[in-house]
Amino acid sequence: MSTTLAVVLLIIGLIVVIGLGAYALKLRKEIKRREALVEEEQRRAISNSLENLDYVVGAMVQEQVDITEGCWRCKVLLEIIDTDLTERPEFQAFAEVYQRTRHLKTHSARGQLTPKARFQEDKERLAVEDEMRDEVLAAAKAVIAWRQKSKQALQ
C-alpha cells in the first residue's frame, strides 16, 4: 500500500469518526431534551394530582362527594403521585372501597342496566359506603394532614 493511499484512508477514517461523533453528540442532546420534557411532564402530573387530591379529600370531609367516587379518585391520584402511597395503612381505606366496588357499572354502562340491576348495585354501593364511611373519612383527614406536613417540609 502506498503512502498516499494510507493517508487518504486515514483522512476518510477521521472524517467518518468525526461525523459519527458529531451525530452521537446530537443524539445525546436530543435524549437529554426528551428526558427533560418527560421529567417536566411527570412533575406537572404530580403537581396537578396533588392539587386535585386536595379538592377531593376536602369535598369528602365536607361530605360533598359520594364515598365511593371519592375513594376511586383518591386511589388513582395517590397512585399517580407515588404507587406506594395506597399501601400506607392510613390510606388503605381508599383501595379497599375501590376493590369492593370496582365491579359496579359506571357512566354509560350503568345507564344500560335494568332498573332492578341498578337498584341492586346502588344497594351494594351504599352498604360498602355505610360500612367504610368512618375509615374513609379518617383516610381523607390523614391525606389532609400528610399534605399539610409535606407543604411545611417544602418551606
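Keep in mind the model is a prediction, meaning the values are calculated, not measured.

S.K.: Which parts of the structure should I look at to understand the packing of helix 1 (residues 3-61) against helix 2 (residues 67-81)?
M.R.: Between two packed helices, the angle of one axis relative to the other and the distance separating the axes together describe the packing. Running from N to C, helix 1 and helix 2 cross one another at 155°; their axes reach a closest spacing of 9 Å. When the axes of helix 1 and helix 2 are compared, the pair comes out roughly antiparallel. Helix-helix and strand crossings are classified by hand; for helix 1 and helix 2 the assignment is left-handed. The residues of helix 2 that touch helix 1, namely those facing A45, I46, S49, L50, N52, L53, V56, V57 and M60, are I67, G70, C71, R73, C74, L77, L78, I80 and I81. The residue inventory of the contact of helix 1 with helix 2, partitioned by class, reads 14 nonpolar, 3 polar and 1 charged.

S.K.: Help me out: how do you make sense of unusual backbone geometry in this one?
M.R.: As a rule of thumb, non-glycine residues mostly have phi less than zero, and peptide bonds are mostly trans rather than cis. Even without being glycine, E63 reaches a positive phi, approximately 55°. Mapped onto the fold, E63 is located in the loop between helix 1 and helix 2. By relative accessible area, which is 52% here, E63 ends up exposed. Look at H107: it is not a glycine, yet its phi comes out positive at around 50°. Assignment of secondary structure puts H107 in helix 4 (residues 107-111). Looking at H107, the relative accessible area reads 75%, which means it is exposed.

S.K.: Honestly, the side chain of R147 in this entry has me stumped. Any pointers?
M.R.: You can see R147 is positioned in helix 5 (residues 115-154). Apart from the residues within four sequence positions on either side, R147 is in contact with L50 and D54.

S.K.: Where do I start with the environment of L137 in this structure?
M.R.: If you trace the backbone, L137 turns up in helix 5. You can call L137 buried: its relative accessible area is 13%. Expressed as a C-alpha distance, the spacing of L137 and K151, which sit 14 residues apart in the sequence, is 21 Å. Once residues lying within four places of it in the same chain are set aside, the contact partners of L137 are M60, V61, E63 and I67.

S.K.: Teacher, can you tell me more about the nonpolar core here?
M.R.: For soluble globular proteins, nonpolar side chains are generally found buried alongside one another. L53, M60, F94, V136 and W146 are the most contacted members of the largest nonpolar core, which totals 26 residues. Among the secondary structure elements, those contributing two or more residues to this core are helix 1, helix 2, helix 3 (92-101) and helix 5. Leaving out residues up to four positions away in the same chain, M60 has contacts with V65, I67, G70, C71, C74, F94, V136, L137 and A140.

About the cut-offs
Residues numbered from 1 in each chain as written. Predicted model: local features only at pLDDT ≥ 70, side-chain atom pairs only at ≥ 80, totals over all residues. Heavy atoms only, no water. Axes fitted to C-alpha atoms, helices over the stretch in contact; angles between N-to-C directions. Helix = DSSP H or I, 4+ residues; strand = E, 2+ residues; numbered from the N terminus. Parallel < 35°, antiparallel > 145°, perpendicular 65-115°, else oblique. Left-handed = near helix turned anticlockwise from the far one by under 90°. Contact = heavy atoms within 4.5 Å. Nonpolar A, V, L, I, M, F, W, Y, C, P; charged D, E, K, R; others polar. Buried < 20%, exposed > 50% of the residue type's maximum accessible area, 1.4 Å probe, protein only. Core = buried A, V, L, I, M, F, W, Y, C linked by side-chain atoms within 4.5 Å.

So far we have only geometry, and geometry alone does not tell us how the molecule works.
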